[in-house]
Amino acid sequence: MTITHGQILGGIVTTPDLDAALTDYADVLGLALLDQGSVPADLAASWASPDVAGARMALLQPTSGHPCFIRLVEQPVPTAFRPTTSYGWAAFELSVQNVFGWPDRLNGSGFAIVGPPKELEGLPYFVPMQVTGRGAEMLYLNEVRSNTPSSDLPMADSPVDRIFICILAARDREATCDWYARTLCLDLGDTYVLAYSMINSAFGLDPDTKSALTMVQKGRMTILEVDDYPPQTLDRPQDPGRLPPGNALVTLALDTLDRPGLDWLTPPAPRAGPLYAGRRSGTVRGPSGELLELVEIG
């Protein structure tokens, strides 16, 4: 399958119990387990997370074969961490089949349903539900029904398929969108203002409180949803030397790593394995402190 500039190649989820998380992601969600091992020291350093070196890690992929990977990395969950209350990666949106069947399938798993499947008035393109995992990561399981007027949404080719949107809780939505457009040569899509139930619930806001979000795309391919967050949003609680908890890191494909304005945490280097396939990769911090790993496809 062809990989194009801006494409989501994966995300990292941190979890306190890798074996239990593998039961959730492989046995319950049905992702294929490709590899298990430990985080190499140079890779941990590239994430500015040296204490993750040697931590247990697993690599999973949808059975559809789409080149989008979820990595589970074992580390403790900071006691202060709560999903959807801090800046950084807030959630990964995955394309799924038959979303209304997923609540029963998740019974007894490590996933807690925080938003049951619901058809959204005025948005006939997809049906979402939201869950949190053992590491307090947030996943949106979305059944895609059609493309939107301004974007192409991937229908699932397996029960759980690729990540097609990464949600970013931004310090400054407009400045963040400008950085992604200017630095990574991505396109700005539509901006929506709506009552965002996940944000309002997490902060105890009035259910009718409205927030703005902007889509970041490449052409019609969705990549990011950049959300405004309220003033009481926190910096992500994080143990020194470790990855951010929950939705820790996003990996995108880039035509070249030799773009101006990329402040690498360590110099890019070629890496092996199904995700990297010998290509150069490096990691930067985005405008809200988010870890963004870029893989060169040029």
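Let me sum up the structure you'll find in this document. Everything quoted here is computed from the prediction, not taken from an experiment.

Regarding the nonpolar core
Nonpolar side chains in soluble globular proteins tend to end up buried together.
Part 1 of the reasoning: One finds Tyr-25, Tyr-180, Leu-184, Leu-292 and Leu-294 to be the most contacted residues of the largest nonpolar core, which totals 50 residues.
Part 2 of the reasoning: Once residues within four sequence positions are removed from consideration, Leu-184 is found in contact with His-5, Trp-179, Leu-252, Leu-254, Arg-259, Leu-262, Leu-292 and Leu-294.
Part 3 of the reasoning: Core analysis: the next-biggest nonpolar cluster, separate from the first, contains 21 residues, Ile-3, Trp-47, Val-52 and Leu-275 among them.

A short note on the sheet that holds strand β10 (residues 187-195)
Part 1 of the reasoning: Spatial strand order, β6-β7-β8-β5-β9-β12-β11-β10: eight strands in an open sheet with mixed pairing. Taken across any chain shown, the strands that pair with only one partner, and hence form the sheet edges, are β6 (112-115) and β10. The mean inter-strand angle of the sheet, taken between neighbouring strand axes irrespective of direction, is 30 degrees.
Part 2 of the reasoning: As defined by bridge partners, β10 adjoins strand β11 (residues 210-218) across seven bridges and the pair is classed as antiparallel. Paired with Leu-188 across the two strands is Val-216, which belongs to β11.

Quick look at the side chain of Thr-233
Part 1 of the reasoning: Within the fold, Thr-233 resides in the loop between β12 (221-228) and β13 (247-254).
Part 2 of the reasoning: Of the residues examined, Thr-233 reaches a relative accessible area of 8% and is grouped as buried.
Part 3 of the reasoning: For Thr-233, the side chain forms a polar contact with the main-chain oxygen of Pro-230, separated by 2.6 Å.
Part 4 of the reasoning: Once residues lying within four places of it in the same chain are set aside, the contact partners of Thr-233 are Thr-85, Ser-86, Tyr-87 and Phe-203.

Thoughts on the packing of aromatic side chains
Part 1 of the reasoning: Evaluated as defined, the whole model comprises three aromatic pairs.
Part 2 of the reasoning: For the pair Tyr-25 and Phe-111, a centre-to-centre distance of 5.3 Å together with 65 degrees between the ring planes defines the contact as edge-to-face. With Tyr-25 in helix α1 (residues 18-28) and Phe-111 in the loop between α3 (102-105) and β6, the pair connects residues that are 86 residues apart, well separated along the chain. Considered together, Tyr-25 and Phe-111 belong to a single accessibility category, that of buried residues.
Part 3 of the reasoning: Relative to Tyr-180, the ring of Trp-179 has its centre 4.8 Å away and its plane inclined at 80 degrees; by these criteria the two rings are edge-to-face. For the pair Trp-179 and Tyr-180, a shared accessibility class is recorded, and that class is buried.
Part 4 of the reasoning: The ring of Trp-102 carries the charged tip of Arg-105 above its face, separated from the ring centre by 4.6 Å.

Considerations on unusual backbone geometry
Part 1 of the reasoning: Of note, Thr-84 is a non-glycine position whose phi angle comes to about 65 degrees, a positive value.
Part 2 of the reasoning: Mapped onto the secondary structure, Thr-84 falls in the loop between β4 (69-74) and β5 (88-96).
Part 3 of the reasoning: Judged by its relative accessible area of 11%, Thr-84 is buried.

Topic: the side chain of Asn-247
Part 1 of the reasoning: Turning to its location among the elements, Asn-247 is positioned in strand β13.
Part 2 of the reasoning: Owing to a relative accessible area of 3%, Asn-247 belongs among the buried residues under this scheme.
Part 3 of the reasoning: Beyond its immediate sequence surroundings of up to four residues, Asn-247 is in contact with Ile-12, Trp-89, Ala-90, Ala-91, Phe-92, Glu-137, Met-138 and Arg-236.

Some points on the sheet that holds β13
Part 1 of the reasoning: What the eight strands build is an open sheet, ordered β2-β3-β4-β1-β13-β16-β15-β14; its pairing is mixed. Edge positions in the open sheet fall to β2 (32-38) and β14 (269-270), since each of these has one partner strand only.
Part 2 of the reasoning: Of the strand pairs in this sheet, strand β1 (residues 8-15) and β4 are connected by six bridges, and their pairing is parallel. Looking at β4, one finds that Thr-14 is bridged to Val-73.
Part 3 of the reasoning: Strand contacts of α1: β1, β2, β3 (56-61) and β4, with the helix running at about 5 degrees to β3, the strand carrying the most contacts.
Part 4 of the reasoning: Here helix α4 (residues 173-184) sits on the sheet in contact with β13, β15 (280-285) and β16 (291-296), set at roughly 20 degrees to β16.

Each value, and the rule that gives it
- All residue numbers here refer to positions counted from 1 along the written sequence of the relevant chain.
- The predicted nature of this model means local features are confined to residues of pLDDT at least 70 and side-chain atom pairs, given and counted, to a pLDDT of 80 or more, with totals for whole chains, interfaces and linings taken over all residues.
- Only hydrogens and water are set aside; all other atoms, that is, all heavy atoms of the structure, feed into the side-chain values.
- By nonpolar core we mean a set of buried residues, namely Ala, Val, Leu, Ile, Met, Phe, Trp, Tyr and Cys, connected to one another through side-chain atoms within 4.5 Å.
- Relative accessible area decides the class of each residue, using a 1.4 Å probe on protein chains only: under 20% of the type maximum gives buried, over 50% gives exposed, and in between gives partly exposed.
- Contacts were defined at the residue level, with two residues in contact if any of their heavy atoms lie within 4.5 Å.
- In this description, strands pair whenever DSSP reports at least two bridges between them.
- Only runs of H or I of at least four residues qualify as helices and only runs of E of at least two qualify as strands under DSSP, and these elements are numbered from the N terminus.
- Angles run from 0 to 180 degrees between N-to-C directions of axes, and those axes are lines fitted to C-alpha atoms, restricted for helices to the stretch in contact.
- N or O atoms within 3.5 Å of each other form a polar contact, as long as, within protein, one can give a hydrogen and the other can take it, and as long as residues adjacent in sequence are counted only when both atoms are side-chain atoms.
- Side-chain rings of Phe, Tyr and Trp, where Trp is taken by its six-membered ring, are said to pair if the distance between their centres is within 6.5 Å; with planes under 30 degrees apart they count as stacked, over 60 as edge-to-face, and otherwise as tilted.
- Cation placement over rings: the criterion is NZ of Lys or CZ of Arg within 6 Å of the ring centroid and within 35° of the ring normal.

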